[in-house]
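# Structural features, examined
Here's the letter readout for the chains.
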Amino acid sequence: MVLFQALCALAELTLGLMAQARLGVIGLLVLSAVIVGVRARHSRLAVAAMAVFVFLMSQA
């Protein structure tokens, strides 16, 4: 359980740094919306934000 949470935190940190390097503040905001949507179990927010994130990453 602790190992899973540590891996999730490491993945969030890595994705955050990657988004900040490529997309700046907008990438971090979209990635934050994905994380909030997943943790709040709000699937529409998570899916929409992830789609925007993938689109932005493909354009960068």
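Residues numbered from 1 in each chain as written. Predicted model: local features only at pLDDT ≥ 70, side-chain atom pairs only at ≥ 80, totals over all residues. Heavy atoms only, no water.

## Section: the nonpolar core
Our working rule: To form a nonpolar core, buried Ala, Val, Leu, Ile, Met, Phe, Trp, Tyr and Cys residues must be joined to one another through side-chain atoms within 4.5 Å. When accessible area is computed with a 1.4 Å probe and restricted to protein chains, residues below 20% of their type maximum are described as buried, those above 50% as exposed, and intermediate ones as partly exposed. The helix and strand labels rest on DSSP assignments: H or I over at least four residues marks a helix, E over at least two residues marks a strand, and numbering proceeds from the N terminus.
Ranked by size, the top nonpolar core spans six residues in total: Val30, Leu31, Val34, Ala49, Phe53 and Met57. Only α2 (25–39) and α3 (43–59) provide two or more residues apiece to this core.

## Here we look at α3
What counts, and what does not: Expected helix span is taken as 1.5 Å per residue step, with the number of steps being one fewer than the number of residues. This arc corresponds to the set of directions leading from the helix axis out to the C-beta atoms.
Spanning 17 residues, α3 covers 24 Å between terminal C-alpha atoms, matching the ideal 24 Å at 1.5 Å per step. Among the residues making up α3, those that are buried are Ala46, Ala49, Phe53 and Met57. Considered in projection along α3, the buried side chains sweep an arc of 75 degrees and stay on one side of the axis. In α3, the exposed positions angled more than 90 degrees off the buried face are occupied by Arg44, Val47, Phe55, Ser58 and Gln59.

## Comments concerning α2
Look at α2: 21 Å from first C-alpha to last across 15 residues, which is about the 21 Å you get at 1.5 Å a residue. Three or more residues of α2 are buried, namely Gly27, Val30, Leu31, Val34 and Gly37. One side of α2 carries all its buried residues, which in axial view fall inside an arc of 120 degrees. Summarising the geometry of α2, the exposed residues directed more than 90 degrees from the buried face are Val25, Leu29 and Arg39. One or two positions beyond α2, positive phi appears at Arg41, with a value near 55 degrees.

## Notes on the pattern of salt bridges
Counted only if it meets this: Within this document, salt bridges are pairs made up of a side-chain nitrogen of Lys or Arg and a carboxyl oxygen of Asp or Glu, the two lying within 4 Å of each other.
Counted according to the given criterion, the structure contains one salt bridge. Between Glu12 and Arg39 there is a salt bridge, with the nearest N and O atoms lying 2.9 Å from each other. Pair noted here: Glu12 is in helix α1 (residues 2–23) and Arg39 is in helix α2, with a separation of 27 residues, a long-range link. We classify Glu12 as partly exposed; its relative accessible area is 28%.

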